[in-house]
Every structure is written in C-alpha cells, then in structure tokens.
Amino acid sequence: MRSPPRLFLLRSRAPWVCKTCRANFSSTIARTAKDKKIYLPDAPARTRFAPSPTGYLHLGSLRTALFNYLLAKRTGGQFLLRIEDTDQKRTVPDAEKRLYEDLQWAGLQWDEGPVVGGPYGPYRQSERTSLYAAEAQNLIKSGHAYRCFCSPERLDTLARHRNELGLPAGYDGTCTGLSAVESEERAAKAETHVVRLRVTEPYPMFNDLVFGKTGQNKAAQGGVQKSENMNTYVDPILLKSDGHPTYHLANVVDDHYMKITHVIRGTEWMSSTPMHVALYKAFQWQPPKFGHVTLLVDENGQKLSKRNADIDIASYRNQGVLPDTLVNFSALLGWSHTHKSDIMTMKEIEERFNLKLTKGNVTVAFEKMWYLQKAHAQRSAKEGSSTFDNIVDQITELAEKTYPAEQLTSILKSRTLNLYIASILTHTARTYTTPAAFLSQNAAFFTPTIARPPYTPTTQSSASQPQSSNNNIPLPTLHTAAAALSLVPPTHWTATMHTQNINAFTSSSLPTDQDQGLKQSTTTFKKELYNYLRWALVGGSHGPGIPATMGILGREECVRRFGEARGLTGGEEWVEGKGVKGRGKIGGTRVEKKKEEGEGDEWMGSLAPKKKEKV
Ligand code: GLU
C-alpha cells in the first residue's frame, strides 16, 4: 500500500504545543473546573435581595445585592427582589422608591419582584401576612410552635428579674405546657398572644458557603436549661401579638415559597441562621444554601458608617460616580478573582463571578474607587460607549448651572456645549473623576478671562536644574511662534495641523542663544514653546495637549489669548488685524496666508517647508 502523501500526514497530526504551554493549559483547565466545582453551584441559582425599607441603599447593601445578582446571572438563574417591610414603624416613606431607583441605576435589574411581578408574588411582605399566619398555625398543629399568652409587661418584669439574677436572656417557659385545648380556647376568645417556636434540641450546624461548617455556639442551645432559680427556653417569637410575623418567620417562609436556592447576606445575620435552619427543619423544608459576607470597614478597621462614607448610593451617584465604577468597586469588596485586571464592566464581572469570598473584614479604600472611575471614563472615551455620553451629559448639566449663558455662548460660538465638552473629555478622560472636578480642572475652557500666573520659563521652574540663560528662549521668538501658529485659517484649524506646525516651526526656526551664539536644540525650543503656549492658552493648567487645546478653543479664542499673553510678556498686545499677518517671514520660516479670514477657505499649507516635488 502506498503511504499517504507527506502533506496529509502533517495535516492529520495535532498541532505541536510546547511542554510549558501544555502544562499551563492543563492546569488552567483543572483550576477552572475546580473553581467552578467549589465556588459555583452546578445548577441555576435563584437568589434574592431582601432589603427592609427602613433606610436607603448604601455601599454594604449594594454589595449584598450585587453578589446575589451576580450569582444568579453567572449560573443562568434568577435574581429576586423582596421588600421586607414587617417593621412598619421604622419604614422610611420614600425608601422603597429609592431602592428601585438605586438598584436600577447600578444595573441590578431584578427578574422577579415588585414592579416587574413574577410567579411567586406578592413580593412585599406586608402583602403576605395571611401566609405567615397560616404557616404559624401549621407549626402549632405539628407541635413545633405554641401560643404564648404572657403579657409584654410580664415578659418585661421577667427580663429584668433574670438580668438581676445574672441569667441569660430567655423565656421562663410559662406557656410551653399549655394544653392544645386551653390554647385554642384562649385564642378563640381573642386573648392577646404571640407564637413561639418550640426549640427542643440545639440548633443544627450548617455549611456556610464562605465560612464552611459553622453554627454551634451558646445561642444555639435548645430545649430547657434548668438553673436553680429559673428555667431558660430559647423559643423565639415567630408571630407577634399584632398578627405580624417576625423577620425570622417571614424570611424563612418567603425563601421557601419563592424557591430561593442561595442566600448571600451580611454576617450580621449569621447568628440567626442556625435558628432559620431549625425552622426549616420544623417545617420539613429543604433550606437554601447560605453564604455570609463580612463587614466593610474603614482604614482604621472601624465598621463603615454614615460618618466614614457608608453613605447612601444616591450620594455617590450625585457626585458623578459612574454605575460601572461603583459596581466594579463593590464587586471587589471581598471577591477575589483571577482576572489579570481589576477593571471590569458589569458584563465582564457577570462572566467571571464565583463565590470565592473572603472570610476577613473588607477594608474600603476610596482611592481604589477613583482609580476605577478614571479607568472606566478612559475606556468609555476609547470605545465611545453610552457611558461617555452619560459623563458628557452630567458635565453639561453642571456647566449650564455654573456659568452664565452669555459667557458660554461667547466661548462656544456656533458649537453646542455638549460637543464642546465631549471634545475636552476625549483628551482628558484618563484623569476624569467628577463633573465638578472636570469643570474646575478645565476652567480655562469655559471663561474668556483666564487667570494667568506670571509667566515662568521652564528653565526657572525646575529646582534640580538651576536657571541657565543658555536654555532661555527669547520671548519675541515665542511671540512669533504663536503668531505663526495663528495663521492657520478656521477651515484648517485642527489639532493635526497644529502638531505639524509646531514640529515644523521648532525644527526650522531655532533661536540662537544670546550668550554663546549657539543654536538652541529643537528639544529645548519645543519644551519652552509648549510651556509658553500652555500658559498663554489656559494659564498653565493641566489638560488636553496643546494642539488639541487649540483645536478645542477654536481659532478666534486662541488668537485672542495669544494677543493677551503677548501683552503680558512685554510684547505689544497683539490683536488680530494689527499683528503678524499677510505674507512674511516669521522666525526664519516662510509663512503664507493667502487671504484674510473669511475671504476664502484656501490655505496654503502647513508651516513645514515644502518638499521639492520630483518632476
Ligand atoms: N431584611 C433583611 C435585611 O434588611 C434581610 C436579611 C436577609 O437577607 O435575610 O438585611
């Protein structure tokens, strides 16, 4: 038999991969698989965010909502919103509305919940009262709960007495032994009572998704503990005397009926979880999996509070923090990822999220948030995304409030404020933090009267490099350069044209150093020219590069500012029409201006000496 042609042999073989790459590849596969197994459920997760409308969304609760949202999205499950408004007395009137706004602003759209509805509603606990009462009845019937007719006054006195005896808080068990008949009769006569869970054994341990096996502690003792003077029962209240459920009952009943598979919540609820697990057991329901996320603390290890920036989400939003930034920042508060960069959009986080969450408290460092803000602004400028438009709109709104309309019109001429701001932002996005900071950094773009400090040549501004007259570029040379750059007509007034002209001018018109009669280097000249132009145009403030600044300000404004600057540095104040114009030799470069502005749109070309065309 003939052997196959060599070409075929080559094609049929697997591509050659070096040993190291092969090892890396297989360990990545193994790691991904392992991560997935340990840190991600293998079926779609149904998660929920269950805020009480007793306050607004803050950084900690946003992070809880986000982790639940991400777990659902990462596994192809559903994210629910449930309003836990059982504590009507503490309900803040507009909290619910604000919660919706803030979650939606951050991009955490819920799949089921208030407003959008869903198959397991209603999603507000105040509308589910009868369900909790019915479930409490079921527990009474099965013997896992009992009615307690002790009056609040009696319980109060009891608590004080126990305290005096040095006994732990608890119930003395007066109503534990009431017969079913008596209990029914007294309830039928509408005698005020609560319903308590009958705890007969220690609360069970549970496997926390973050902390592992946990739960056994003192509070987990169940049944009666006898002491010389008084018995102690844990028996927590499930239904209050007004017929409303406690948080514990409502939370468990709802998570069950809403088919929640995973609960991610703050560690402040961790001590209640064993009791919740006991409650599930009493109902004979399968509990969801629980994962508790640790506290957010400031740099001194103090719990975040209103004083140290755990302010509500709206205040970040009102400052101008981008949703992308806040989501990215919150996601990094306790989640350790293996992606090479911390800068991620919501979509990227959704694709990478897992439950590799820290067990230690999380320090919130706001410098990181501003770093992410700059990164997201820069990315939006590069990609031209809707985030960029969003930033521009915010700055525009603030600029309109900050500057009088006539002032803006005098700068904008026929341009729109929106586009004008967009052109500045395009060049400064990598330093963008907030609209207010943007306007203050770029103030020179919004006012015709710019504050210029006295002009300082670069050679004088550096401490490490003592002033040397050798490096000084004579001011008239700088005036001439600015005048030459002004010759470009509006039709050709672009950053590219200015770059070309600055390069051409600084390489062809080198001034001579007055002391030694030597030509200055192009680098020295260019450095000084940029320094002078920045001072002349924007008072020396940081911002877009000089060619871009000229392009943004427009010819008329630049010419005016150059004239002003010339006057301030010992030259004759140069006003268009009086200064350099027409055909002439400026600083050694031949500059041509064919017509006056407005006479025609022809421009003779850049200041670069024309190359001789080969014929
Ligand atoms: N309503 C509780 C809260 O506001 C929910 C706790 C939980 O997620 O179970 O934190």
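- Per an unreviewed UniProt entry, the protein chain goes by the name Glutamate--tRNA ligase, mitochondrial and belongs to Polytolypa hystricis.
- Under Sequence similarities (unreviewed entry), UniProt gives the following word-for-word description of the protein chain: "Belongs to the class-I aminoacyl-tRNA synthetase family. Glutamate--tRNA ligase type 1 subfamily."

Quick look at the pairing of strand β11 (residues 289-293)
Turning to step 1, where the next piece is worked out: Of all five residues in β11, four are buried, a share of seventy percent or more.
Turning to step 2, where the next piece is worked out: With five bridges connecting them, strand β10 (residues 262-266) and β11 associate as parallel partners. Directly across from G266, in β11, lies its bridge partner V293.
Turning to step 3, where the next piece is worked out: Read from β10 through helix α9 (residues 273-283) to β11, the crossover connection turns out right-handed.

Some words on the site of the ligand
Turning to step 1, where the next piece is worked out: Residues in close proximity to the ligand include R48, A50, P51, S52, E84, Y247, N251, R265 and W269, which together make up its full environment.
Turning to step 2, where the next piece is worked out: Contacts to the ligand include R48, whose side-chain N or O atom sits 2.6 Å from an oxygen atom.
Turning to step 3, where the next piece is worked out: In this structure, a nitrogen atom belonging to the ligand sits 2.7 Å away from a side-chain N or O atom of E84.
Turning to step 4, where the next piece is worked out: Protein contacts shield 82% of the accessible area of the ligand, which totals 290 Å² for the unbound molecule.
Turning to step 5, where the next piece is worked out: Split by residue class, the shell around the ligand holds four nonpolar, two polar and three charged.

Some details on helix α22 (residues 546-553)
Turning to step 1, where the next piece is worked out: Within α22, seven of the eight residues are buried, which leaves it mostly tucked inside the rest of the structure.
Turning to step 2, where the next piece is worked out: For α22, every residue scored as buried is listed here: I546, P547, A548, T549, M550, I552 and L553.
Turning to step 3, where the next piece is worked out: Where α22 is buried, its residues meet α16 (417-428), α19 (475-485), α20 (495-508), α21 (522-538) and α23 (555-568).
Turning to step 4, where the next piece is worked out: Of the residues trailing α22, G554 is marked for its positive phi of about 90 degrees.

Description of the state of the cysteines
Turning to step 1, where the next piece is worked out: Per the stated rule, a full pass over the model turns up zero disulfides.
Turning to step 2, where the next piece is worked out: Summary of cysteine pairing: C150 is not part of a disulfide, and the nearest cysteine sulfur, belonging to C175, is at 3.7 Å.

With respect to the side chain of H276
Turning to step 1, where the next piece is worked out: Its place among the elements puts H276 in helix α9.
Turning to step 2, where the next piece is worked out: H276 sits in the buried class, given a relative accessible area of 1%.
Turning to step 3, where the next piece is worked out: Excluding residues that lie within four positions of it along the chain, H276 makes contacts with Y247, H248, N251, V252 and R265.

Notes on the pattern of salt bridges
Turning to step 1, where the next piece is worked out: Tallied over the full model, the rule gives 29 salt bridges.
Turning to step 2, where the next piece is worked out: With a closest N to O distance of 2.4 Å, K368 and D342 form a salt bridge. In this pair, K368 is assigned in helix α13 (residues 366-383) and D342 in the loop between α11 (323-331) and α12 (346-352), connecting sequence segments 26 residues apart.
Turning to step 3, where the next piece is worked out: Judged by relative accessible area, which is 27%, K368 ranks as partly exposed.
Turning to step 4, where the next piece is worked out: It is possible to trace a salt-bridge network through shared partners that takes in R48, R82, E84, R128, D254 and D255.

Some remarks on the side chain of T387
Turning to step 1, where the next piece is worked out: Note that T387 resides in helix α14 (residues 386-402).
Turning to step 2, where the next piece is worked out: In this structure T387 comes out as buried when scored by relative accessible area, which is 15%.
Turning to step 3, where the next piece is worked out: In terms of polar contacts, T387 uses its side chain to reach the side chain of D324, at 3.4 Å.
Turning to step 4, where the next piece is worked out: If we ignore the near neighbours within four places in the chain, the residues touching T387 are L322, D324 and S380.

Observations regarding unusual backbone geometry
Turning to step 1, where the next piece is worked out: Residue G121 is joined to P122 through a cis peptide bond whose omega torsion reads 0 degrees.
Turning to step 2, where the next piece is worked out: In this structure, Q284 takes a positive phi of about 60 degrees despite not being glycine.
Turning to step 3, where the next piece is worked out: Structurally, the position occupied by Q284 is in the loop between α9 and β11.
Turning to step 4, where the next piece is worked out: Of note, K413 is a non-glycine position whose phi angle comes to about 55 degrees, a positive value.

Describing the environment of G567
Turning to step 1, where the next piece is worked out: Within the element layout of this structure, G567 appears in helix α23.
Turning to step 2, where the next piece is worked out: G567 sits in the partly exposed class, given a relative accessible area of 31%.
Turning to step 3, where the next piece is worked out: Between the C-alpha atom of G567 and that of H479, which follows or precedes it by 88 residues, the distance is 9.7 Å.

Regarding the sheet that holds strand β3 (residues 145-148)
Turning to step 1, where the next piece is worked out: Taken in spatial order, the three strands line up as β3-β4-β9 in an open sheet, and their pairing is antiparallel. Only two strands of the sheet have a single partner each, and these edge strands are β3 and β9 (237-239). Shown here is a sheet whose adjacent strand axes are inclined to one another by a mean of 45 degrees, direction ignored.
Turning to step 2, where the next piece is worked out: Judged from the four bridges that link them, β3 and strand β4 (residues 194-197) form a sheet pairing that is antiparallel. What sits directly across from R147, in β4, is V195.

Criteria and cut-off values
- Residues numbered from 1 in each chain as written.
- Predicted model: local features only at pLDDT ≥ 70, side-chain atom pairs only at ≥ 80, totals over all residues.
- Heavy atoms only, no water.
- UniProt positions renumbered as here; feature names shortened; annotations may be inferred.
- Buried < 20%, exposed > 50% of the residue type's maximum accessible area, 1.4 Å probe, protein only.
- Helix = DSSP H or I, 4+ residues; strand = E, 2+ residues; numbered from the N terminus.
- Pairing = 2+ DSSP bridges.
- Right-handed = clockwise from strand over helix to strand, strands pointing away.
- Near = heavy atom within 4 Å.
- Polar contact = N/O pair within 3.5 Å; in protein donor to acceptor, adjacent residues only side chain to side chain.
- Areas by Shrake-Rupley, 256 points an atom, 1.4 Å probe, with all protein chains shown as cover.
- Nonpolar A, V, L, I, M, F, W, Y, C, P; charged D, E, K, R; others polar.
- Contact = heavy atoms within 4.5 Å.
- Disulfide = S-S within 2.5 Å.
- Salt bridge = Lys/Arg side-chain N within 4 Å of Asp/Glu carboxyl O.
- Axes fitted to C-alpha atoms, helices over the stretch in contact; angles between N-to-C directions.

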